[in-house]
Amino acid sequence: MPNDRKINSTAACMAFMLEGCEMKKVRSNSRMYNRYFLLDPDMHWLRWEPSKKDSEKAKLEIKSIKEVRLGKKTPVLRSNGLSDQFPDECAFSIIYGDNYESLDLVASTADIVSTWVMGLRYLVSYGRHPVDMAEPSQPSLRTSWIGSVFELADMEKGGHIDLFRATQIIKGLNPGMKESRIELKFKELQKAKDQYGEAINLDTFVEAYCELCTRPEIFFLLVQFSSNKEYLDSKDLMLFVEVEQGVEGVTEEMCRDIVQKFEPSAKGRERGYLSIDGFTHYLLSSECHIFDPQHKKVCQDMTQPLSHYYINSSHNASLLDDHFWGSSDISSYIRALRMGCRSIEVIVWDGPDNEPVVYVGSSVASQLAFSKVLDIINQYAFESSEYPLILCLVTHCCIPQQRVMVQHLKKILGDKLYAEPPNKEENYLPSPEKLKGKILLKSKKLPPSCIDSEGDVTDEEEGLEMSRRVGADEKDQLNGLGCKRLRLCRELSDLVCLCKSVQFRDFELSKREQKYWEICSFNEVDANRFANEFPEEFVCYNKRFISRVYPTSMRIDASNMNPQDFWKCGCQIVAMNYQTPGLMMDLNLGWFRQNGNCGYVLRPAIMREEVSYFSANARDSLPGVSAQLLHIKVISGQNLPKPRGSAAKGDVVEPYIYVEIHGIPADCAEQRTKTVSQNGDNPIFDESFEFQINLPELAVLRFVVLDDDYIGDEFIGQYTIPFECLQPGYRHVPLQSLTGEFLPNTTLFVHVAITNRRGGGKAHKRGLSVKKGRKAREYTTTKTTGIKVVDELFRASTQPLREATDLRENVQNAMVSFKELCGLTPAANMKQCILTVSTWLMNSERSLKVIVDLSETYPTMEAQGPVPELLRKVLNAYDMMIQTSKTLIESADVVYSKLTQAQRALDFHEDLHRIGVKEGLKGRKLQKAMESYAWNITVLKQGQADLLKHAKSEALDTLRQIHCAAQSCGLSKNGAASPQLPHHPPQQPPQVQ
């Protein structure tokens, strides 16, 4: 393959195929043979040599080809003996003949596969006019447009423009492309034509533009969906947006708008055609960004208690650098607030002239006036988010200066300062919605027993660590707990309402005595210990109370802890050093993007439900959460720069990419692409990865691009995105620098697909399609608590749990079978399956007709006359899928009702401890009974019942997709404008008396 990827048109594909190349031919017995494949000069036959066969037999007629499949999509290529010997992107299959036989091939690179697949698909569609295609008799939309651009630039009408002007035009049309690369291309083309000098003529300009500005991976996509040679019309574009990008309710008018917005040629806009350039612009636009635009605004329920949210938090916000040498600066507060921070720490000390000051550690030289800090907080508190700001006050002031602090707080913050005492009748904090526009003070409060105007409180948090750094007196430590006495005035104490700082003792004591408005702060070392030794208890604690985790004092370089270590325990406030960039800060900033960057993210339901089981250290699938499979194909990179600070000569980059998943321990994983050593600033990777995600709501995907050619800091760029914000289909990923700025015109091009992993128990295999027969199925069961009356209720759920699993698995298995027979992976959607069947019918020499009858509630797919064996199998698999879907849709509510009956065990929640003691359980046995009870409720409520409801919703969506796709592809009969879906209102669980 040419190093600079000249495959930028179908003519270039033909030229490559006519020359031919060596590939491996795979037999049905899994043996592979090297053969040389080439296209006949008349473009009617594909031949291979050497072969024992007569040369007349070692060939395949192009018009007999029904379909060209990319990847391991036939039984031969999927067989166990072969599947691990070569990557998916190096395999393809040609389906041919009336019996739909397959010629399975493996190439040495993904580029070669793309060229053959693109060329063959093109010939199958337009094989009747191969000469016109290889040597166009009239200029294409694209060349006409580029010609008109050239003519505008050729002001003197001399038929040429100078090299500098030509370079600037191409750079203007493709921002991010290096001028040196454009100039080199012009010189190469001129040399090949024996033309020298600074003058560039039209032919050279057009040729340079096409070679430089055609991205083969996008051209390959266009050919796949085009029904009109080298452009997409409105119907083609509609299929792409609907089928590949997963957009619902696409109309031709929407597609015409896309053409008007992105097509550069006036002729293309006039005719409603999207050329390769318009298609590239569209795919690079915000409409095809990997980040779901719905998450750019607040999209989560903001009426839950404050303790049910993760809160974006800054540690030592005044610092510009590390804790020891760093200076305090007011701009750091502005930056943190503008980045969506909702919890800010202010450490206050005695200052000159009775004015309190703010500084950290030993940065006394750059202290800030407390009043000035409050002015900035007042000004910027709600610029990026209207939801409450928690001001964590760490006070080291004497009583007179504390009273000055109170004056400043009241005068500067005014009505924004939340002043209502907590409602003792409530059990949870108010919601972010109720606290909009309010600033909450988190600080110490005098005990109720203190009636004087001032009193002693303990300072067990960062305050003590900070005082150690500046050599303050530690002789007043109390009872060995690492606490220091602090004198607090009544006025400052009274300003603290909903966020009273208290010392954590243990989980049992907190359960009995801690008030919902009291907050404990944990040093990261202690928090890590609790996460590892008491994972379930820590999660339960955080359901009701807010916990704040702050970095250990050992981090004098202001490095950051991994916030995921504490989010998995439900810790709401994980204080980050905003001044320190890197992986941990990427995770924090990426995570909080998912709810309009408002600083609040709703925690997973399994962490909020009062009765539910979740262990922070779960290393397997969770009860009550449907695991998902994430399929990522890293296709290419665009305009990748050299690493910052690189001293290496030249502009050569040798990039490779890490694809990382961060989340609960069971989900953490990373995979790496190969290094691309040629054309590294615009590399083609074409590598596919797969990840199992057990808790999607807590998972984060991160792309990191590194340079293999550079010793030292090889970082090029990264992008971090919550799993819930991913958009499926072909997407561009904008890359960010180490400090978070977006790199101009620097992107990755990827394909994203998400599929559900169904099953009642653990899925042992990580393969794509795990089909389980009834005998191999693992059914979810409830655990025995040892409390008779409760166990009887749970025992009644055994049969409905099996029924629910069977209903879901039967549909899943039927769908996988149907997709595989269509030559697709389980990651495909139903629209892609219907489109495939439609393509087969169009490419058939015989007059085949298949109709989808949309007059029925459950649409049937019927053959009109005799059909080949493979198509018959596809129709049978479709019928099985419809039947299992029908059974699920019509039976789901009855089974759901049975599962909710078993949830009556919730009635015992309040008295479970007392009943357990009464039945003789104590100590570890009683604790185990409580855990088993929570596990069972999770399995029944958030687990199988919700999974069943979700499966029914998906089955209905499948019917909707079939309806839309059948109409789009012209296979429908008696089709209504919208599908008449069966309606079965879910039965409500019995009310608790």
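Placed above this text is the structure.
Residues numbered from 1 in each chain as written. Predicted model: local features only at pLDDT ≥ 70, side-chain atom pairs only at ≥ 80, totals over all residues. Heavy atoms only, no water.

Engineer: Explain the packing of aromatic side chains to me, and be specific about the residues and the numbers.
Structural biologist: As enumerated under the stated definition, the model contains 34 aromatic pairs in all. Considering the side-chain rings of F507 and F530, the 5.4 Å spacing of their centres and the 70 degrees angle between planes classify their relative orientation as edge-to-face. A residue pair is termed long-range when its members are at least 10 positions apart, and F507 in helix α19 (residues 507-513) and F530 in helix α20 (residues 524-533) qualify at 23 residues. The burial state of F507 is the same as that of F530; both residues are buried. (Phe/Tyr/Trp six-rings, centres within 6.5 Å; stacked < 30°, edge-to-face > 60°. Helix = DSSP H or I, 4+ residues; strand = E, 2+ residues; numbered from the N terminus. Buried < 20%, exposed > 50% of the residue type's maximum accessible area, 1.4 Å probe, protein only.)

Engineer: Describe the sheet that holds strand β36 (residues 972-973), with residues and values.
Structural biologist: The sheet built from 3 strands is open, its strands ordered β35-β34-β36 with mixed pairing. Both edges of this open sheet fall to β35 (860-863) and β36, since each of them pairs with a single strand only. Across 4 bridges, strand β34 (residues 850-853) lies against β35 in antiparallel orientation. Each residue of the ladder has a partner; that of V852, found in β35, is M861. (Pairing = 2+ DSSP bridges.)

Engineer: With reference to specific residues and values, describe the sheet that holds strand β2 (residues 32-39).
Structural biologist: Pairing between sheet strands relies on hydrogen bonds along the backbone, with the strands arranged either parallel or antiparallel. Overall, antiparallel pairing links the 7 strands, which are arranged β4-β3-β2-β1-β7-β6-β5 in an open sheet. Taken across any chain shown, the strands that pair with only one partner, and hence form the sheet edges, are β4 (59-61) and β5 (65-70). Across the sheet, the mean angle separating the axes of adjacent strands is 30 degrees when strand polarity is ignored. Summarising the sheet, strand β1 (residues 21-26) and strand β7 (residues 101-106) pair through 3 bridges and their orientation is antiparallel. By the bridge assignment, V26 is partnered in β7 with D104. (Axes fitted to C-alpha atoms, helices over the stretch in contact; angles between N-to-C directions.)

Engineer: Requested: an account of the side chain of S521, with residues and values cited.
Structural biologist: Its location among the elements puts S521 in strand β22 (residues 518-523). The exposure class assigned to S521 is buried, which follows from its relative accessible area of 12%. Engagement of the side chain of S521 in a polar contact is seen with the side chain of K442, the distance being 3.4 Å. (Polar contact = N/O pair within 3.5 Å; in protein donor to acceptor, adjacent residues only side chain to side chain.)

Engineer: Residue-level account of the nonpolar core, with values.
Structural biologist: Ranked by internal contacts, the top residues of the largest apolar core, which has 122 residues, are F92, W116 and F279. Looking at which element gives the most residues to this core, the answer is helix α30 (residues 923-968), with 15 residues. Ranked by size, the runner-up nonpolar core spans 76 residues in total, among them L409, A531, M585 and L695. (Core = buried A, V, L, I, M, F, W, Y, C linked by side-chain atoms within 4.5 Å.)

Engineer: Can you lay out the environment of N523 for me, pointing to particular residues and giving the numbers?
Structural biologist: Within the secondary structure layout, N523 lies in strand β22. N523 gets classed as buried once you look at its relative accessible area, which sits at 11%.

Engineer: I'd love a proper account of unusual backbone geometry, names of residues and values included.
Structural biologist: Residues other than glycine seldom take positive phi values, yet K157 does so here, at roughly 55 degrees. Examined against the element boundaries, K157 turns out to sit in the loop between α5 (141-153) and β8 (160-162). Unusually for a residue other than glycine, N597 sits at a positive phi of about 50 degrees. You can see N597 is positioned in the loop between α23 (583-591) and β25 (600-602). For N597, a relative accessible area of 27% gives the class partly exposed.

Engineer: For the pairing of strand β26 (residues 628-638), give the residues involved together with the corresponding values.
Structural biologist: Of all 11 residues that make up β26, 10 are buried, and the element is covered over most of its length. Of the strand pairs in this sheet, β26 and strand β29 (residues 684-693) are connected by 8 bridges, and their pairing is antiparallel. Pairing of V634 across the sheet is with E687, part of β29.

Engineer: Could you give me a rundown of the pairing of β34, with the residues and numbers involved?
Structural biologist: Here β34 shows no split at all, with V850 and V852 on one side and I851 and D853 on the other all buried. The antiparallel pairing of β34 with β35 creates a hairpin that spans 6 residues between the two strands. Note that β34 and β36 share 2 bridges and pair parallel. When the bridges of β36 are listed, D853 appears paired with K973.

Engineer: Mind laying out the packing of α5 against helix α8 (residues 202-213), listing which residues take part and the relevant values?
Structural biologist: Contact pair α5 / α8: the axes reach a minimum separation of 10 Å and the direction vectors enclose 120 degrees. When the axis of α5 is compared with that of α8, the two are oblique. Classified by chirality, the crossing of α8 by α5 is right-handed. Two secondary-structure elements touch here, α5 through R142, T143, W145, I146, G147 and F150 and α8 through L202, F205, V206, Y209, C210 and C213. For the contact of α5 with α8, the class distribution of residues is 9 nonpolar, 2 polar and 1 charged. (Parallel < 35°, antiparallel > 145°, perpendicular 65-115°, else oblique. Left-handed = near helix turned anticlockwise from the far one by under 90°. Contact = heavy atoms within 4.5 Å. Nonpolar A, V, L, I, M, F, W, Y, C, P; charged D, E, K, R; others polar.)

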